[in-house]
Amino acid sequence: MSDTIRLFDLAGADDAVRFSPNCWRTRMALAHKGLPVETVAWRFTEKDAIAPSGQGKVPVLVVGDLWLHESWDIAEYLEDHYPQTPSLFGCAQGRATARFVNQWASEVLHAAVARVVVPDIPAALHAKDRDYFRTTREAAFGRSFESLAAEREPAREDLRRTLAPLRSVLLKQPYVAGAAPAYADHAVFGAFQWARVISPHALTAADDPVTAWVERMLDAYGGLARSARCVAAA
Ligand SMILES: N[C@@H](CCC(=O)N[C@@H](CS)C(=O)NCC(=O)O)C(=O)O
């Protein structure tokens with residue numbers, strides 16, 4: 001019998017509000033492979049709960065005695081250890097290209113989305129996380145949440161420009177990975193699901209091809225992402 005898979009998944013004050021872009025990558029990858037998972041609601045300050053992983057960030061995936069972290073490493077683990085399930089990458093070249101897409105999303109897209117949504121996050125956090133979140137994020141941005149919130153519109157404009165290559169690709173094909181979603185899509189989609197769950201501010205216009213792709217991703221895997229609890233709708 002295969003081991004139960006557990007995922008430590010970032011939650012807000014409400015256990016059902018799961019808003020981490022990196023955890024959503026893993027949730028989508030597990031769904032793609034048809035692997036059942038038990039998610040564990042985790043807060044930023046609950047470092048002890050994931051200490052066996054040797055670091056302090058989620059996603060953390062626990063399979064038997066194995067504690068895995070880093071969303072990209074988790075994706076590779078799932079691909080290599082469950083070869084009988086649908087592939088996340090398709091082939092060696094697909095894996096290499098997905099690695100680039102993943103890195104672009106982590107370094108460029110997440111930073112651009114953060115400027116739009118981060119000021120909305122404290123209101124949804126568990127009380128025990130609020131000071132930690134403000135202190136660490138304001139230090140990272142070098143500015144207050146209030147000043148970030150005041151510049152949300154220019155941040156959205158910058159994000160729209162950042163999305164230009166994604167938009168161009170999605171005008172030619174329905175998914176980043178081609179005809180069907182795969183890990184390159186999961187890697188990018190996490191950022192959109194982050195915003196959708198935690199913020200009332202739309203990232204893209206209704207007629208943007210990126211919006212149509214987000215809708216397709218929300219419907220994928222039996223509507224897993226669409227069924228997620230959103231703060232704005234709560
Ligand atoms: N490169 C890591 C990034 C993980 C990460 O930054 N996770 C955030 C949640 S999205 C976290 O757990 N932060 C904990 C903290 O800031 O203390 C990955 O892709 O898994």
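About the criteria used
Residues numbered from 1 in each chain as written. Predicted model: local features only at pLDDT ≥ 70, side-chain atom pairs only at ≥ 80, totals over all residues. Near = placed C-beta within 6 Å. Helix = DSSP H or I, 4+ residues; strand = E, 2+ residues; numbered from the N terminus. Nonpolar A, V, L, I, M, F, W, Y, C, P; charged D, E, K, R; others polar. Pairing = 2+ DSSP bridges. Axes fitted to C-alpha atoms, helices over the stretch in contact; angles between N-to-C directions. Domains from an automatic or database assignment. Contact = placed C-beta atoms within 7 Å.

Here we come to the site of the ligand. In the vicinity of the ligand lie 13 residues, with Ser 20, Asn 22, Lys 57, Val 58 and Ser 71 positioned nearest. Of all the secondary structure elements, the ones that give two or more residues to the shell around the ligand are helix 1 (21-32) and helix 2 (71-81). Classifying every residue of the shell around the ligand by side-chain character gives six nonpolar, five polar and two charged.

As a further point, take unusual backbone geometry. For the bond from Val 58 to Pro 59, the omega torsion is 15°, close enough to zero to count as cis. As for its position among the elements, Pro 59 is in the loop between strand 2 (38-42) and strand 3 (60-63). The phi dihedral of Glu 70 is positive, around 70°, even though this residue is not glycine. Relative to the helices and strands, Glu 70 is located in the loop between strand 4 (66-69) and helix 2.

Before going further, it helps to spend a moment on the sheet that holds strand 1 (residues 5-10). Strand order in the open sheet formed by four strands is 2-1-3-4, and the pairing between neighbours is mixed. Strand pairing shows two members of the sheet lacking a second neighbour, strand 2 and strand 4, which therefore form its edges. The mean angle between the axes of side-by-side strands here comes to 25°, regardless of whether they run parallel or antiparallel. One ladder, built from four bridges, connects strand 1 with strand 3; its direction is antiparallel. By the bridge assignment for strand 3, Leu 7 is matched with Leu 61.

This brings us to the domain arrangement of the chain. Looking at the assigned domains, one finds that the chain contains domain 1 (5-81) and domain 2 (92-223). Taking the mean C-alpha position of each, domain 1 and domain 2 sit 18 Å from one another. On the domain 2 side, the residues contacting the 19 residues of domain 1 number 22 residues. When residues of the side of domain 1 that touches domain 2 are traced back to their parent elements, those giving at least two are helix 1 and helix 2. At eight residues, the largest contribution of residues to the side of domain 1 that touches domain 2 is made by helix 1. Here the residues of the side of domain 1 that touches domain 2 sort into 11 nonpolar, five polar and three charged.

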